[in-house]
Structures are given as structure tokens and as C-alpha cells.
Amino acid sequence: MNSEGDSEARGTAEAVARRSYGKLVAFLAARTRDVAAAEDALSEAFAAALADWPRNGCPSNPEAWLLTVARRKAIDMHRGRLRHETAGEQLRVMAEGLDTAVAESEIPDQRLALMFACAHPAIDAGIRAPLILQVVLGLDAAMIASAFLTSSAAMGKRLVRAKDKIRQAGVPFRVPEREELPSRLDTVLESIYAAFAQGWSDPGGTDVVRRDLTEESLFLSRLVVEMLPQEPEALGLLALVLHAEARRGARRNTDGDYVPLAEQDPALWNWQMIEEAEALLLRASTLGSIGRYQLEAALQSAHVSRRRTGRANWAEVVQLYDALWAVSLSPVVAINRAVAIAELHGPKAALAAMPEIAADPRLLEYQPYWAAHAELLAKAGANDEARQAYDIAIGLERDVAVRRFLEQRQSALPR
Amino acid sequence: MKYILMDYVQEAGWPQLTRDEQIHWLGAYKAYMEAMTKAGVLKDSRGLEPTSATTTVRVRNEKTQVLDGPFADSKEQLGGFHIIEVADLDAAITWAARSPTALHGVVEVRPVIEGTWLTRNILDFVKPE
């Protein structure tokens, strides 16, 4: 074994893992519905590749090589586990077309079907996004746990339980029929959005794990659009993720300080991504069904256009928030809407439009609520109240740069 | 796959219905079961006598304890079940959603193990060595 062949083999294996992990898991698990067994077999196949490829050279079709080995491993594992005649049936299903399917250069892409299984309404809503990240992208439980702010052991247990449920309950691997597609697609998009939101809350990209999650959610939303190009909300989500990603670099200055949208330098934005987002949104709008992701992307688009043209468009922004509020009833939307109202009608009107803590006690611990509240109070000249609200916002923020930003705002208040 | 659809309903609600309402509901159940039979998915189906007829039995310290009433005191009670054979969970959920019970109670959908402990190899169900 030479080290050159070794590193070439490693490089090829890593590239295949990055490109095709989910495709291989989906193909292996589609008929048995046993995601855990598919993952185990695949990880053994990758280990075998790292032993074999440096010696014999990388195969011309590494995906097919891995798939063949993984299927043999899966059959071996099943043989070890099942002793009864029912094992015969399972093994037959797995071995079926073992050589024919692999001989074809194209492995059918069933990743979308796999995502629909992971985001099935029968799966606990909180674990759907982590599950997709694991089985479609191959992220490990520790990494997912740290992104979702939970312990690795707890996340691991929940992932195992969800995979057991898919297998035991007979959750199908398939893209739902036309009539139920919109509601089922919702749970898939929601999961991708959850992954995106986790990544987005680390604007500096200093936390490697969470920065990766934005890239992963971009990859996943692109995947959904490729396979369902006529679904307006899928297009909307991709546009939204692209818009957010396009401005990532501008959200921090060279000192690492947080820069709010109004003060960002548009020259630092990724205009190629913005143009792509705008084109997607335009295409979505011709498909005749509006939804929350299109509205959120449209808001991003409005913010970009205001900065590009220098023309205030707050009436349009408030209108979009009104529509978004109507479909989501989310307090987060209400907060952003109030901030936009401040630009249009002043801070007093905005404070009146803020959601009430009495109606939603979760706001007590919601940093953006307190940051927005403080900002509006400061604009209204209620300096003491603003100072208190900043205190709470600072106390709730875990991003150091944002905390520093809030501290600066607070100390700028007139005494 | 085989699934059991368990109908949980509020027993106390039934006597409060008028005779016509009761006839209406039982007609709806009959139609539902006819549809399952026609589709060839219904394997078995039973209604249960009310929980007032239920007795629970335990053996503790070699003594048999017999108690009046159901094991769990809940708002809704198991009133009956259907066993169906369909392709996957989505198909089972579709049938559960058509049940008249889903309109006023809850239908619990649960996979059924193929065969029984008499016909299956029990080693298939224990931890690997």
C-alpha cells in the first residue's frame, strides 16, 4: 500500500460520500425500509473501499462498487440476525437484481422518497430535520446534536427511535400522490427550513458545524427543486436560502462585529446567488399558489431592492408581513412586522403592533423580541425602558458579536 | 403489512344520542366495514362490550387479584378494532381516516406482527447473541 494511492482512495471515497451518500442509503433502504441497516452496510462498504482502492486502484464507477459491497454486507448482516425461514424472503428481496441494478451506471435517485419517509407525519416533528441531515447527508449524531443544542447521546437515541419507527410501522419510501403532495411537502420543507434556521443563527460562520448546516440546507432545497421543479413553495424555500446565504459575508465586519442589514455593504453580497433567487421567485409566482416560503423570500427580495435602488419600500414590506402573518400566525413575523411599521408610521405605532407577552409567554425568552422591543423604545425616547429591554436581550443572546452590538446600542442611549 | 386500527371512543357519549342518531352512526360503521371488505383489506373486526363489563386480573405473591373495571382509566375507551392488510402505513392511515370513529374519537394505528408465537421462531424476536 503506498501513501499516494491511499490519499487518492480517501479523496475519491470522500467525494462519493459527499455526492452520493443519501442516494446509496435511499436505494439500499427503499425496499426493506431498514435505514439503520442500510447505513451500517454502507459504512462497512466505505471501510472496505479504503482498504481495497489503494491496492487495486479506484474503480471506474465508485458508486456502483460501494453499492455492490454494501448489499453483500447487508445480506451477511441479515443472515446473522435472522435464523428463521422469513429471513429467506428478506434476503431474496435484498439480493434481487443485485447484479443487474449495479451494472447500470445510473443508480435511481430515491433521495426525495427517503426525505418524505423521514418527514412523514407519523415521525415526531422535532426529529425530522435531524433525521434528514443524518440519512440523506450522512452527518453524525454528535454534529447534529451540537447544531440543535442538545446532547449527543439524546440525539442518538431519538434518531435510532425514528429509524425503528420507519421500519416497524411501514412508513413508505415514496413521493406522495398529487392530491396529498402539498401538505406532505410542507413537512419536508419545514425540516429543511429548521436546518437552515439552525445554521443561519450563526451568521459569522465561526461555528463550523452550524455554518455547514446552511450549506446543507441549500443542498437539500436545491435537491427538492430539481426533483419537483413545479412546486412553488419548494422554489420559494430555495430562493429564501439563497438570499440569506448571499448576504452571509456582509453580516460581519473585518473586526467580527455584527452588521445589521441597513448598514451592510451591498458590494459584499453574492449577486449571483441573489439573481438566482430572484429568478426562482419569479418562476414560483407564475405557478399560482402563494405560501410562507415565497413570502419570506419576497421580503428578502424587497430588502435587497431597497438597498439596491435606495428607494424606501416599507409599505410593500409591511404588506408582505401582513400576508405572512395571515399564513403563519408566528410571533416572529409579528415582531418583524412591527419593526417595519416603525419605518412607515413611527415607533409608537410599532410598539402598539408588537405581539403581547400575555398572549405568548414564550416571548419572555425570545431574544429577537427583546432586541426589537429595545430598539423601538429607544426610538420612542423611552430610554430607561429601552435600557432594561436591552439588558434582557443581551442576557438571552449567545452570539458574542451580536451581544457586543446590543451593548453598543445600549450604551449609546442618552442618560 | 398487517395493521390493527383500534377505535377509542367516549362510551358515555353513546347513551346520550337519540335513537335516530345511533342508527345513523351504526349505519356509517357498516358502510365503512363494507368498503374495507370490498377492497379486500379487512382481515378481522370486532366490537367490544363496554368497559363496565371489564375485569382486570393480576397474580402477585401467588395471589390472584381480580378487579372490576378496565386497566387504564382514560377519557376514551377501546371500543373495538379492525385488522387490515395493506401495503404501508400511508394506506393504513387512509383507512383510519375514513373510520366514523375518527370524527368523534381516536383511531390508533399499530403494525401487527405476522404469525403468532406458536408459528414463529421466537429467536427472531430476541436480542442477537
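That block above? That's the structure.
Rules and cut-offs
Residues numbered from 1 in each chain as written. Chains lettered and ligands numbered in written order. Predicted model: local features only at pLDDT ≥ 70, side-chain atom pairs only at ≥ 80, totals over all residues. Heavy atoms only, no water. Helix = DSSP H or I, 4+ residues; strand = E, 2+ residues; numbered from the N terminus. Rg over C-alpha atoms; globule rule 2.2 N^0.38 Å. Buried < 20%, exposed > 50% of the residue type's maximum accessible area, 1.4 Å probe, protein only. Contact = heavy atoms within 4.5 Å. Areas by Shrake-Rupley, 256 points an atom, 1.4 Å probe, with all protein chains shown as cover. Lys, Arg positive; Asp, Glu negative; His and termini not counted. Charge placed at Lys NZ, Arg CZ, Asp CG, Glu CD. Salt bridge = Lys/Arg side-chain N within 4 Å of Asp/Glu carboxyl O. Buried area = accessible area lost by both parts, 1.4 Å probe. Polar contact = N/O pair within 3.5 Å; in protein donor to acceptor, adjacent residues only side chain to side chain. Core = buried A, V, L, I, M, F, W, Y, C linked by side-chain atoms within 4.5 Å. Pairing = 2+ DSSP bridges. Axes fitted to C-alpha atoms, helices over the stretch in contact; angles between N-to-C directions. Patch = residues over 30% accessible without salt bridge, like charges linked within 9 Å, V, L, I, M, F, W, Y side chains within 5 Å. Parallel < 35°, antiparallel > 145°, perpendicular 65-115°, else oblique. Left-handed = near helix turned anticlockwise from the far one by under 90°. Nonpolar A, V, L, I, M, F, W, Y, C, P; charged D, E, K, R; others polar.

Q: Can you tell me about the overall build of chain B, naming the residues and giving the values?
A: A tally of regular secondary structure across chain B gives 3 helices and 6 strands. If you list the helices and strands of chain B from N to C, you get β-α-β-β-β-β-α-α-β. Radius of gyration (C-alpha) of chain B: 18 Å, far over the 14 Å computed for a compact globule of 129 residues. Counting only C-alpha atoms, chain B reaches 55 × 40 × 20 Å along its principal axes. Within the span of chain B, comprising 129 residues, buried residues form 26% of the whole. Considering only residue pairs separated by 6 or more positions, chain B has 72% of its internal contacts joining residues 24 or more positions apart. Per element, the accessible surface of chain B, about 9000 Å² overall, is 57% carbon and sulfur. With 14 positive and 18 negative side-chain charges, chain B shows a spacing of 3 Å between the two charge centroids.

Q: Let's hear about the pattern of salt bridges: which residues, and what values?
A: With the rule as written, the count across this model stands at 26 salt bridges over all chains. For D88(B), the salt bridge goes to R174(A), with nearest N and O atoms at 2.9 Å. On the criterion of chain membership, the pair formed by D88(B) in the loop between strand 5 (77–85) and helix 2 (89–98) and R174(A) in the loop between helix 9 (152–169) and helix 10 (181–200) is interchain, its members lying in two chains. Owing to a relative accessible area of 4%, D88(B) belongs among the buried residues under this scheme. By relative accessible area, which is 31% here, R174(A) ends up partly exposed. Between R120(B) and D124(B) there is a salt bridge, and its shortest N-O distance comes to 3.9 Å. Of the two residues, R120(B) and D124(B), neither departs from the other in class, the shared state being buried. It is possible to trace a salt-bridge network through shared partners that takes in R174(A), R184(A), D88(B) and D90(B).

Q: Explain the interface of chain B and chain A to me, using residue names and the numbers behind them.
A: Where interface size is given, it is often the accessible area lost as the parts come together that is meant. With 14 residues of chain B in contact, the opposing surface of chain A contributes 14 residues. Between chain B and chain A the total buried area reaches about 1200 Å² when both faces are included, carbon and sulfur atoms providing 48% of it. Together, L89(B), D90(B) and D124(B) form the three largest contributors to the area buried by chain B at its contact with chain A, with a combined 40%. Where chain B meets chain A, there are 3 salt bridges. The residue R184(A) makes a salt bridge to D90(B) at a minimum N-O spacing of 3.4 Å. Taken together, the links from chain B to chain A amount to 7 residue pairs in polar contact (both at pLDDT 80 or more). For the side of chain B that touches chain A, the leading source of residues is helix 2 of chain B, giving 3 residues.

Q: Describe the nonpolar core, and please don't skip the residues or the numbers.
A: In this structure, L114(A), M115(A), L133(A), V224(A) and I84(B) are the most contacted members of the largest nonpolar core, which totals 138 residues. Every residue in contact with I84(B), bar those within four places of it in the chain, is listed here: M1(B), K2(B), Y3(B), L5(B), M36(B), V41(B), L42(B), K43(B), A92(B) and W95(B).

Q: Outline the sheet that holds strand 6 (residues 106–111) of chain B, supporting the account with residue identities and numerical values.
A: Residue and element names in this part refer to chain B. In space, the 4 strands of this open sheet follow the order 2-5-1-6, with antiparallel pairing throughout. In this open sheet, the two edge strands, each paired with only one partner strand, are strand 2 (42–47) and strand 6. Taking each pair of neighbouring strands and ignoring which way they run, the sheet shows an average axis angle of 20°. As paired strands, strand 1 (residues 2–9) and strand 6 are joined by 6 bridges and run antiparallel to one another. Looking at the pairing, D7 lines up with V107 of strand 6.

Q: Tell me about the pairing of strand 3 (residues 55–60) of chain B, and please be specific about residues and values.
A: Relative to strand 4 (residues 63–68) of chain B, strand 3 of chain B is paired through 6 bridges, and the arrangement is antiparallel. From the neighbouring strand, R58(B) faces strand 4 of chain B, where its bridge partner is Q65(B).

Q: Got a sec to walk through unusual backbone geometry? Specific residues and values, please.
A: Glycine aside, residues mostly have negative phi angles, and peptide bonds mostly take the trans form. Positive phi values are uncommon outside glycine, yet L329(A) reaches one of about 50°. The exposure class assigned to L329(A) is exposed, which follows from its relative accessible area of 57%. Even without a glycine there, the phi angle at N61(B) is positive, about 50°. Here N61(B) is to be found in the loop between strand 3 and strand 4.

Q: Can you break down a nonpolar patch on the surface residue by residue, with the values?
A: A contiguous nonpolar surface patch, about 590 Å² in accessible area, is contributed by I113(B), W117(B), I122(B), L123(B), F125(B) and V126(B). In this structure, I122(B) sits in the segment after strand 6.

Q: So, the packing of helix 1 (residues 3–29) of chain A against helix 2 (residues 35–56) of chain A: which residues are in play, and what are the values?
A: Residues and elements named next belong to chain A. Between helix 1 and helix 2, the shortest axis-to-axis distance is 10 Å and the interhelical angle comes to 160°. The pairing of helix 1 with helix 2 is recorded here as roughly antiparallel in orientation. The two elements helix 1 and helix 2 meet at a crossing, and its hand is right-handed. The segment helix 1 lies against helix 2, with G5, D6, A9, R10, T12, A13, A17, Y21, L24, V25, L28 and A29 engaging V35, A38, E39, L42, F46, L50, W53 and P54. When the residues that make up the contact of helix 1 with helix 2 are grouped by side-chain class, the tally is 15 nonpolar, 2 polar and 3 charged.

Q: If you had to explain the packing of helix 12 (residues 232–246) of chain A against helix 13 (residues 271–285) of chain A to someone new, which residues and values would you point to?
A: Residue and element names in this part refer to chain A. Running from amino to carboxyl end, helix 12 crosses helix 13 at an angle of 160°, the nearest separation of the two axes being 8 Å. Taken together, helix 12 and helix 13 sit at an angle that is classed as roughly antiparallel. Between helix 12 and helix 13 lies a crossing whose hand is left-handed. Of the residues in helix 13, those touching helix 12 at P232, L235, L238, A239, L242, H243, E245 and A246 are M273, I274, E276, A277, E278, L280, L281, R283 and A284. By residue class, the composition of the contact of helix 12 with helix 13 is 12 nonpolar, 1 polar and 4 charged.

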